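Summary of the model geometry
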Amino acid sequence: MTVPLHIIEVAIPLYLDKTFHYRVPERLLKEALTGRRALVPFGNRRLTGYILGDAAGSEISNLKEIIEVLDSEPLWTSLELEFFRWIASYYQHPLGEVVRTALPAGINIQTRKGTSGEQGDLTGGKKARREKFYCPGPVLEPSRQPSPKALEIVAVIRDAGDISAGELRKRFGACTPQLKRLIELGLSTAEEREVYRDPFKNSTVKRDEPRCLHSHQKEALDAISDSLDQQQFTPFLLYGVTGSGKTEVYLQAIAHALERGQNALVLVPEIALTPQLTGRFQARFGGGIAILHSGLSDGERYDEWRRIRRGLARIVIGARSAIFAPLDKIGIIIVDEEHEASFKQSDGLRYNARDLALVRGRMARAAVVLGSATPSVTTIHAAQQGRLTLLELPERVEGRPMPRVELVAMKGSKETLSAALSVCLAETYEQGRQAIVFLNRRGFATFLVCADCGKPLTCPNCSVTLTYHRQRGQSLCHYCDYAVPAPGTCPSCNGTTLSELGAGTEKLEHDLKELLPSARVLRMDSDTTSGKGSHERLLSRMNDGSADILVGTQMIAKGHDFPEVTLVGVVNAEASLGMPDFRAAERTFQLLSQVIGRAGRGETPGRVVVQALDTDHYAIKSAAEHDAAGFYREELEFRREAGYPPFAFLAAFAISGMSEQAVSEHADTTSRLLARLKAELKVRVEVLGPAPSPIYRLRNRFRRQILLKGANRSDLHRLITSWLQQASVMSTVRISVDIDPVDMM
Ligand code: ADP
Ligand code: ZN
């Protein structure tokens, strides 16, 4: 028996840093329970709120009454609420907003003034899809013979055991009269059932068996299994080069958790959420898997959410937001490619799913496995300090060697392709093997410069140059999609001679076709993969050998296995080093290591040619020499000296608006207030800035930032809390606080 609540605490999804108390009218006492949504009066509006629990001791008189209860079952467990509260406190974000972010969008009803809510629940409510299913009826020999078409239909129903109306229509066309007749005669019965949109419905998967593990894999699996047996929170770093068998360890660790009656949550970057990866899980475990990716409609996502909530899916695989999956009895959480920046949400609730995996894992007493071939510098540091248990897979499966890498200095050269890389490409092509060439910039030229006035073409809405896309005949802004016909004329002086500077993938494709006219060259970047399925089509052309060279941006660096690729070329290896971001070297090292790892994954050993202006830079050199330990040593040294994570904690304030002056004034006020509060609280926090953001203008908004650097989290936290209590924000200016920022642009 649940005790009725007379006065309740409700969180409301608004930017308000508190919760509210409401009275429950007599008629709703049975329904107004913890974990459900309620329609509540708020000012002169009606809003959806989340019932957090009892507020019997409320001191407030004249409490308002809730209007309606919107669910018939709870949407979250008490453990999940604890998780939400932790997030609200850590990210200094309103609890109601946290709950709203955690719940699937499909569940939220629109509340309009004067209308009451609809009842929604886990059994479907009005949003779930229901369909009629037909089963064999009790009668075998009917008193009267149905039509031949009806007889055919009944044969199919008997054969299938049960079959949906939609499926029958697919086979027989319109057949409502026949079905009606079959039911009258008792040959079939019908029932309404809820259907879950099944993301696997069109795939056929071959079962596969667990591999016999090599010794490093076995050690890793044993350590994870031990922690599962003890049901103790244990965080691991599974550090293994690409192709070392990490996924196999995940699969077997999950199997162990399932055997123990526990469930598994697997987080991967969105880009890795391919049919290849999910197929491996299906092949091993069959059904009971829910997949959450950004391609799902709100309805499909809500379906998956309900399947998980009801315990019908025991493995959840998803991108960032899957950290909120309503999965019970979590035994293991895996974060694959844990170093990926995409685990961080970049607006609203700016959470990092990789970090939250550790928090949720601790609350659930689960094993948490962070896996990567190139762990983040912070993760390596945590492992060195013993805060993560290090599990290493130092070798590739079947002892395949790491590829040989040649560094080519490009100082003084204007060519995109060096002589060394050109020779290797020609050889590889003549041997009938495949190559990939990586350049992390799309377009034909990174910008056009007017030969008359010397000015580059820039975006009128953003402080960035326009990228020239020759195929489309346009200059494009990669931030706001502004486009003008190109090459065109100079907007400053009407000059007609525009020079192309900085090569992108389109130019590289062009040069490769010139170098090897008969070679089949494919390009993979966000320009060639925007259509549905285009990504898979390009990959399959590589896999079935109908392409010789694949050119691409970081899209080709991640996740895919090209067994026939024996040569990898890297053009402009330092493209990402120039970013005004303290993680630039780390990102460059990770990206280069991954691209290099694409070579020689099959039987034939691979080779790699890396072209760089500065071949002595430690990020480039250590990636080329497979010297990860050397890179991490040097990078940690730099971070310690400069006072950056993991040796300091950061928070970024971003101030933006349409008026440059308002933004500038507000940024100054903010930093003065922060400085005063810092002195009052006597906290050890550095207030840096305000300074113009690296992209000073974006979509017509001017942007400034203030960076807070704290020697410990609690000081940083106290300062921000007290700022939130005192700050007043002008309506023309937007200000956001990002805890542990990842994007510094
Ligand atoms: P990673 O996740 O580290 O890139 P995978 O788990 O995908 O590595 O393994 C790479 C390849 O080696 C896959 O094709 C996988 O099936 C195979 N593999 C993994 N472990 C073993 C093993 N112990 N014996 C044989 N093949 C294995
Ligand atoms: Zn723009």
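Here the residue index of a chain counts from 1 through its sequence in written order. Whichever chain is written first is A, and whichever ligand is written first is 1; the rest continue in order. Two thresholds apply to this predicted model, a pLDDT of at least 70 for residue-level local features and 80 or more for giving and counting side-chain atom pairs, whereas whole-chain, interface and lining totals are computed over all residues. Computation of side-chain values covers all heavy atoms of the structure but excludes hydrogens and water.

Observations concerning the overall build of the protein chain
To keep it simple, the criterion reads: Numbering of helices and strands starts at the N terminus; helices are DSSP runs of H or I of at least 4 residues and strands are runs of E of at least 2. For every residue, the accessible area obtained with a 1.4 Å probe (protein chains only) is divided by the maximum for its type, and the residue is called buried under 20%, exposed over 50%, and partly exposed between those limits. Here, two residues are considered to be in contact whenever any of their heavy atoms come within 4.5 Å of each other. Note on areas: Shrake-Rupley with a 1.4 Å probe; residue coverage comes only from the protein chains shown. All tallies of charge rest on Lys and Arg as positive and Asp and Glu as negative; His and the ends of each chain are not included. Charge positions are represented by NZ for Lys, CZ for Arg, CG for Asp and CD for Glu.
Within the protein chain, the secondary structure is distributed over 19 helices and 30 strands. Overall, the protein chain is about 90 × 75 × 60 Å in size when its C-alpha atoms are taken along their principal axes. Counting the 745 residues in the protein chain, one finds 53% classified as buried. Contacts spanning at least 24 positions in sequence make up 76% of the contacts within the protein chain whose residues lie at least 6 apart. As displayed, the protein chain offers around 34,200 Å² of accessible surface, 49% of which is attributable to carbon and sulfur atoms. One finds the centroid of the 94 positive side-chain charges in the protein chain at a distance of 5 Å from the centroid of its 88 negative side-chain charges.

Section: the coordination of the zinc ion (ligand 2)
Note the cut-off: Ligating atoms shown are N, O and S within 2.8 Å of the metal, or 3.2 Å for Na, K and Ca, and water is not included, meaning a site may look less than complete. Only two sets of limits are used to name each site, 85 to 135 degrees for every angle of a tetrahedral four-donor site, and over 155 degrees for opposite donors with all other angles from 65 to 115 for a square planar four-donor or octahedral six-donor site, with any other site named irregular.
The zinc ion (ligand 2) binds to the protein through Cys459 (SG), Cys462 (SG), Cys477 (SG) and Cys480 (SG), with metal-donor distances spanning 2.2 to 2.4 Å. Coordination at the zinc ion (ligand 2) comes from four donor atoms whose angles at the metal span 103 to 113°, giving a geometry best classed as tetrahedral. Here the donor residues for the zinc ion (ligand 2) map to a single chain with the spacing C-x2-C-x14-C-x2-C. A relative accessible area of 4% means that cysteine 459 is categorised as buried.

Concerning the confidence of the model for the protein chain
Formally: Within a predicted model, pLDDT stands for the predictor's per-residue confidence, ranging from 0 to 100.
In this model, the protein chain carries an average pLDDT of 89, and 95% of its residues clear a pLDDT of 70 or more. Here residues 109-126 scores under 50 on pLDDT; set against residues more than four positions off or in separate chains, the count is 49 contacts.

Description of the site of ligand 1
Just so we agree on the cut-off: Whether a residue is near a molecule or strand is decided by its heavy atoms; if any one of them lies within 4 Å of it, the residue is near. We call two N or O atoms a polar contact when they sit within 3.5 Å, provided that within protein one can donate a hydrogen and the other can accept it, with sequence-adjacent residues counted only if both atoms are side-chain atoms. When residues are grouped by polarity, Ala, Val, Leu, Ile, Met, Phe, Trp, Tyr, Cys and Pro land in nonpolar, Asp, Glu, Lys and Arg in charged, and all others, Gly among them, in polar.
Residues in close proximity to ligand 1 total 15 residues, the closest being Cys212, Gln217, Gly243, Thr247 and Arg280. The contact in question runs from an oxygen atom of ligand 1 to an N or O atom on the side chain of arginine 211, over 2.9 Å. A per-element tally of the shell around ligand 1 places helix α7 (residues 246-259) first, with three residues. Considered class by class, the residues forming the shell around ligand 1 number four nonpolar, seven polar and four charged.

Here's the deal with the domain arrangement of the protein chain
Formally: Where each domain starts and ends follows an automatic or database-derived domain assignment. Joining two parts hides part of their accessible area as seen by a 1.4 Å probe, and the buried area is that hidden amount summed over both.
What the domain assignment lists for the protein chain is domain 1 (6-111), domain 2 (129-195), domain 3 (215-398), domain 4 (401-444 + 503-639) and domain 5 (649-739). Summarising the inter-unit geometry, the C-alpha centres of domain 1 and domain 5 are found 30 Å apart. Tallying the contact residues gives four residues for domain 1 and six residues for domain 5. It is Tyr90, Tyr91 and Gln92 in domain 1 that bury the most area against domain 5; as a group they hold 89% of the surface buried on that side.

Looking at the pattern of salt bridges
The criterion, for reference: Whenever a carboxyl oxygen of Asp or Glu lies within 4 Å of a side-chain nitrogen of Lys or Arg, that contact is scored as a salt bridge.
What the rule picks out here adds up to 30 salt bridges. Between glutamate 9 and arginine 85 there is a salt bridge whose closest N-O contact spans 3.9 Å. A residue pair is termed long-range when its members are at least 10 positions apart, and glutamate 9 in strand β1 (residues 7-11) and arginine 85 in helix α1 (residues 78-90) qualify at 76 residues. Judged by relative accessible area, which is 17%, glutamate 9 ranks as buried. Linked through salt bridges whose partners overlap, the residues forming this network are Asp208, Arg211, Glu248 and Arg284.

A look at the sheet that holds strand β10 (residues 263-267)
Filter applied, for reference: Whether two strands pair depends on DSSP finding at least two bridges between them. To get an axis, fit a line to the C-alpha atoms, keeping to the stretch in contact for a helix; angles then go from 0 to 180 degrees between the N-to-C directions.
Read from one edge of the open sheet, seven strands run β11-β12-β10-β13-β14-β9-β15, paired in parallel fashion. Each having just a single partner strand, β11 (289-292) and β15 (389-393) make up the two edges of the open sheet. Direction aside, neighbouring strands of the sheet carry axes that sit 15° apart on average. Here strand β13 (residues 330-336) pairs with strand β14 (residues 367-372) via five bridges, running parallel. Among the inter-strand pairings, aspartate 336 is bridged to a residue of β14, identified as glycine 371.

Here's the deal with the packing of α1 against helix α2 (residues 95-102)
Here is the rule: For classification purposes, an angle smaller than 35 degrees is called roughly parallel, one larger than 145 roughly antiparallel, one from 65 to 115 roughly perpendicular, and anything else oblique. Working rule for handedness: look at the near helix, and if it is turned counterclockwise from the far one by less than a right angle, call the crossing left-handed; if clockwise, right-handed.
Here α1 crosses α2 at 125°, and the two axes come no closer than 9 Å. Taken together, the axes of α1 and α2 lie oblique to each other. The chirality of how α1 crosses α2 is right-handed. Seen from α1, the contacting residues are Phe84, Arg85, Ile87 and Ala88; seen from α2, they are Leu95, Val98, Val99 and Ala102. The residue inventory of the contact of α1 with α2, partitioned by class, reads seven nonpolar, no polar and one charged.

Section: the nonpolar core
Put simply, the rule reads: Remark: nonpolar core denotes a set of buried residues (Ala, Val, Leu, Ile, Met, Phe, Trp, Tyr, Cys) joined through side-chain atoms within 4.5 Å.
Formed by 111 residues in total, the largest nonpolar core has its most connected members in Phe84, Leu265, Ile323 and Leu708. Non-local contacts of phenylalanine 84, meaning those with residues more than four positions away in its chain, are made with Trp76, Leu95, Val98, Val99, Ala102 and Phe324.

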